[in-house]
Amino acid sequence: MGNKESLPVNKHFTAHEIRLLTRGFKALDRDGSKKLSVSELMSLPGLDNNPLLHRIVDVLDTDGDGEIDIAEFIAGIPKLSMKGDTNSQLQFLFRIYDMDNDGFISSGELFQVLRMMDERWSDVQLQQMVDRTIVQHGTDGRISFDQFKAVVLASFHFEGSTE
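Please read all numbers here as calculations on a predicted model, not as lab measurements.

## Quick notes on the overall build of the chain
- When you go through the chain residue by residue, the secondary structure sums to eight helices and four strands.
- Beginning at the N terminus, the succession of helices and strands in the chain can be written as α-β-α-α-β-α-α-β-α-α-β-α.
- Classification of the 163 residues of the chain by burial places 34% in the buried group.
- Sequence separation of 24 or more characterises 50% of the internal contacts of the chain that already satisfy a separation of 6 or more.
- For the chain, the exposed area adds up to about 10,100 Å²; of that, 55% sits on carbon and sulfur atoms.

If you want it as structure tokens, here you go:
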């Protein structure tokens, strides 16, 4: 039995994988706060220049304190990797766009996230793309999760479980 620290339980990972993730989490937690800040996450390769890092943290941060604790970290990994199911990954991606968490992507939210991702387009060009997207795929000027999911699945030809 021993005096081992209690590890989060997750259906996607074995106990060994959770120990490895916990070790990785602790290595990233430079200030020893038992939480990862945006600046600590920026030390990960590929995230240092990710324009959506703040949105990713917002979505993973289920308790709303602005940082990621070990349970949020381990729960979030499957949504960002091959460990998760397609539906969970799509819900995560949808929440990146649904900035006000109302269950819909509005024209304004789509514009903001696309602007974060790419600054090459003028505001007029970007708004035209947003308007076309909303008209083609949305209802009442916004996109629901089911509409979002249908577009993404059709666009990227996802296969496998969406459960």
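## Describing the UniProt feature "domain: EF-hand" (unreviewed entry) in the chain
- On the UniProt side, "domain: EF-hand" (unreviewed entry) is annotated at positions that read residues 48-83 and 85-120 here.
- Between the C-alpha atoms that bound residues 48-83 the distance is 23 Å, and the span itself is 42% helix and 6% strand.
- Taken end to end, residues 85-120 comprises 64% helix and 8% strand; its first and last C-alpha atoms sit 33 Å apart.

## Focus on the pattern of salt bridges
- Under the criterion given, the structure shown has five salt bridges.
- A salt bridge links Asp 58 to Arg 55, with the nearest nitrogen and oxygen atoms 3.3 Å apart. Taken as a pair, Asp 58 and Arg 55 lie in helix α3 (residues 53-60) at a separation of three residues, close to a single helical turn.
- Among the charged side chains, a network of salt bridges with common partners joins Lys 35, Asp 63 and Asp 65.

## Quick word on the nonpolar core
- Counting residues in each nonpolar core, the largest one holds 33 residues, and the members touching the most others are Leu 36, Ile 68, Phe 73, Ile 96, Ile 105 and Phe 148.
- Of all the secondary structure elements, the ones that give two or more residues to this core are α1 (15-28), α2 (38-41), α3, α4 (70-76), α5 (86-97), α6 (107-117), α7 (123-137) and α8 (145-156).
- Residues contacting Phe 148, with those up to four places away along its chain left out, are Leu 90, Leu 93, Phe 94, Tyr 97, Ile 105 and Ile 143.

## A word on α3
- Judged by how many residues are buried, α3 sits mostly within the fold: six of eight residues are covered.
- In this structure, the buried residues of α3 make contact with α2, β2 (68-69), α4, α5 and α6.

## Details of unusual backbone geometry
- Within the chain, Asn 101 stands out as a residue other than glycine whose phi angle is a positive 55°.
- By secondary structure assignment, the location of Asn 101 is in the loop between α5 and β3 (104-106).
- Accessibility expressed as a relative area gives 53% for Asn 101, which makes it exposed.
- One non-glycine residue, Asp 140, lies in positive phi territory at about 55°.
- By secondary structure assignment, the location of Asp 140 is in the loop between α7 and β4 (142-144).
- A relative accessible area of 72% means that Asp 140 is categorised as exposed.

Definitions and limits used
- Residues numbered from 1 in each chain as written.
- Predicted model: local features only at pLDDT ≥ 70, side-chain atom pairs only at ≥ 80, totals over all residues.
- Heavy atoms only, no water.
- Helix = DSSP H or I, 4+ residues; strand = E, 2+ residues; numbered from the N terminus.
- Buried < 20%, exposed > 50% of the residue type's maximum accessible area, 1.4 Å probe, protein only.
- Contact = heavy atoms within 4.5 Å.
- Areas by Shrake-Rupley, 256 points an atom, 1.4 Å probe, with all protein chains shown as cover.
- UniProt positions renumbered as here; feature names shortened; annotations may be inferred.
- Salt bridge = Lys/Arg side-chain N within 4 Å of Asp/Glu carboxyl O.
- Core = buried A, V, L, I, M, F, W, Y, C linked by side-chain atoms within 4.5 Å.

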